[in-house]
Amino acid sequence: MESYLNIDHVSIDFPTANGPFRALDKVNIQINKGEFVSIIGHSGCGKSTVMNIVGGLYQATEGGVILQGKEVNEPGPDRAIVFQNHALFPWLTCYQNVELAVKSVFGKTRNRQQIRDWTLHNLELVHMTHAKDKLPAEISGGMKQRIGIARALAMEPKVLLMDEPFGALDALTRAHLQDSLMEIQADLNNTVIMITHDVDEAVLLSDKIVMMTNGPAATIGEILQVDLPRPRQRLALADNPDYNHYRSEVIKFLHQRHARKAA
Amino acid sequence: MKDKAIYFLELTGLNWFVPLAKIASGEPAGFQFQQLTKMIGLPLLAILAFLMFWHLGAAKVDTSLGQLPGPVQVWEQVKVLNAEHQAERQRADEFYQRQAERNAAALAKNPDAEIRVRDYTGRATFVDQIWTSLFTVFVGFLLASLIAIPIGIVSGLSQNLYNAINPLIQIFKPVSPLAWLPIVTMVVSAVYVSADPMFSKSFITSAITVMLCSLWPTLINTAVGVSSIDRDLLNVGKVLRLSYFTTVWKIVIPSSIPMIFTGLRISLGIGWMVLIAAEMLAQNPGLGKFVWDEFQNGSSNSLSRIMVAVLAIGLIGFVLDRIMLTLQKFFSYDKNANIR
């Protein structure tokens, strides 16, 4: 059966002074509808590059990305991106940031009231209604990322791409946001690709963990299916043997078999 | 109310009055007085020292037009120039009144009478020259901005275009207004031919010279501001599939406003300097011509009158910069940025 999103033998070369540099080599991932997939690897291994190719910001040199049977090679709202540094427009309020996305995507098909309702609905989803009229500079890092997620969800993407969404946050805030994300995911059942370098985050959130080898010519080392029942509780999982098994699998991959040569 | 008043004072760059506003609103006076002494006391002291130095120094310099004037003589001329302006205004008013009466009388005698309405053609006073100069610099600056901002945006977005035009910018940027002036004069004379011109040629020449010299800072700063936009913000635009025009309007311009205004402020400052030089050399009406006329006149008051002009030029330049600063603060999204 044809999978929902097929990242089909994607390779990419970047031009350098010494000829093309192969950053990714034959990356091959199949993702089903509603699946939460994490891509994990050391920094510089090209995991963000994979995401940028799916997002259409980079063009694959070989291979391609097929979403619902159609090749995608330019950016679009069907593959909304949550950026690591939130990428909110600092001159717009939280409401306006989400509204801009809603207007751009649904401006022609929905009326003013529908746009307003949908914007507010997505702010409500990330529990940020109270700060809707604040500027990004006036709210905390975690709140900014909530707005970033609301903006991406508001585009009703077929695939939600998250580029180390919680990487810039402190551990407690990160845990809060992970819980919120799981809640939202339980409701909406989105198809998600998340880039991360946090092992716990990957195991806690994912259905599938894609582990990447180190570059150059990085590729997929191993794919781990995470069969923990949902809803998952952070506290309960701490002593769960399965959870710890998955966790140690990922750690072994990262730190034994594919340890970075020079840290 | 109080916060609004203080915000207004800070926005307009009138920071000096912030402590006064705070005292008026009942904040502890002691600390605010300290602030006040720092903010007003020190500059005041410096100005007094300067006036002393000027007064004593000027007395020691003898020129062919008499002793170099000190602050006292200059202040005298401020009053004289103002009086001349008032007198001239009065003559103009009287002229228009006489003309109106004459025409009314003529119409009363014969309703078909051909009446003539003429403009008063008195001598341009110092104050008139200031307005002429301000209008000229405004037109030149506006033209420059209308050209420089779009080119800056487009070349900031495209590295190739920037590389293409950068050498031209670098070559034309350092050219002095005095070098442009003869060329502009000749081109305007050749191209701007009209039986009933809306603007005088001298005005067009000055304005274009100002434009040519004040293009560059705005252009360069806009291009730099645009090219340093956060890539992620542009990527958001790509994901939303915004058109080129929408991207520029919704993302590029708002995020490069601070840099655009930095350029505009430098441009306006340069434009004002250039204008005075252009007017002097080309005998275009304005403050520059006033200075030149006084220099040629060579009376015992001339140097004082020129110094009045120098101070007026400086003060106006300062006020123009303050206005731009206020606009910059008003339009920037980051209200807390420390803009000087």
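We now turn to the structure provided with this report. For clarity, every value in this text was computed on a predicted model and none was experimentally measured.

Turning next to the overall build of chain A. Across its full length, chain A holds 8 helices and 10 strands. Over its C-alpha atoms chain A spans a radius of gyration of 19 Å, differing by no more than 12% from the 18 Å that the globule rule assigns to 263 residues. Overall size of chain A, expressed as C-alpha extent along the three principal axes, is 55 × 45 × 40 Å. Within chain A, the fraction of its 263 residues that count as buried is 43%. When contacts within chain A are restricted to residue pairs at least 6 apart in sequence, those whose partners lie at least 24 apart make up 72%.

Every contact between the two is made by 17 residues of chain A and, on the other side, 14 residues of chain B. With 4 residues, helix H2 (residues 94–106) of chain A is the largest single contributor of residues to the side of chain A that touches chain B. In the side of chain A that touches chain B, the residues fall into 13 nonpolar, 4 polar and no charged.

Another point: the sheet that holds strand E2 (residues 19–31) of chain A. Residue and element names in this part refer to chain A. One open sheet accounts for 4 strands, arranged E2-E1-E4-E5; its pairing is antiparallel. Unpaired on one side and paired on the other, E2 and strand E5 (70–71) mark the two borders of the sheet. The pairing of strand E1 (residues 5–16) with strand E4 (residues 62–67) spans 5 bridges and is antiparallel. Of the residues in E4, the one forming a bridge with Asp-8 is Gly-64.

This next bit is on the sheet that holds strand E7 (residues 159–163) of chain A. Residue and element names in this part refer to chain A. Strand order in the open sheet made by the 6 strands is E6-E7-E8-E3-E9-E10, with mixed pairing throughout. Single-partner strands in this sheet number two, and they are strand E6 (81–82) and strand E10 (220–225). Most of the contacts of helix H8 (residues 241–257) go to E10, to which it runs at about 175°, and overall it touches strand E3 (36–40), strand E9 (208–212) and E10.

Each value, and the rule that gives it
- Residues numbered from 1 in each chain as written.
- Chains lettered and ligands numbered in written order.
- Predicted model: local features only at pLDDT ≥ 70, side-chain atom pairs only at ≥ 80, totals over all residues.
- Helix = DSSP H or I, 4+ residues; strand = E, 2+ residues; numbered from the N terminus.
- Rg over C-alpha atoms; globule rule 2.2 N^0.38 Å.
- Buried ≥ 20, exposed ≤ 12 C-beta atoms within 10 Å, placed from the backbone.
- Contact = placed C-beta atoms within 7 Å.
- Nonpolar A, V, L, I, M, F, W, Y, C, P; charged D, E, K, R; others polar.
- Pairing = 2+ DSSP bridges.
- Axes fitted to C-alpha atoms, helices over the stretch in contact; angles between N-to-C directions.

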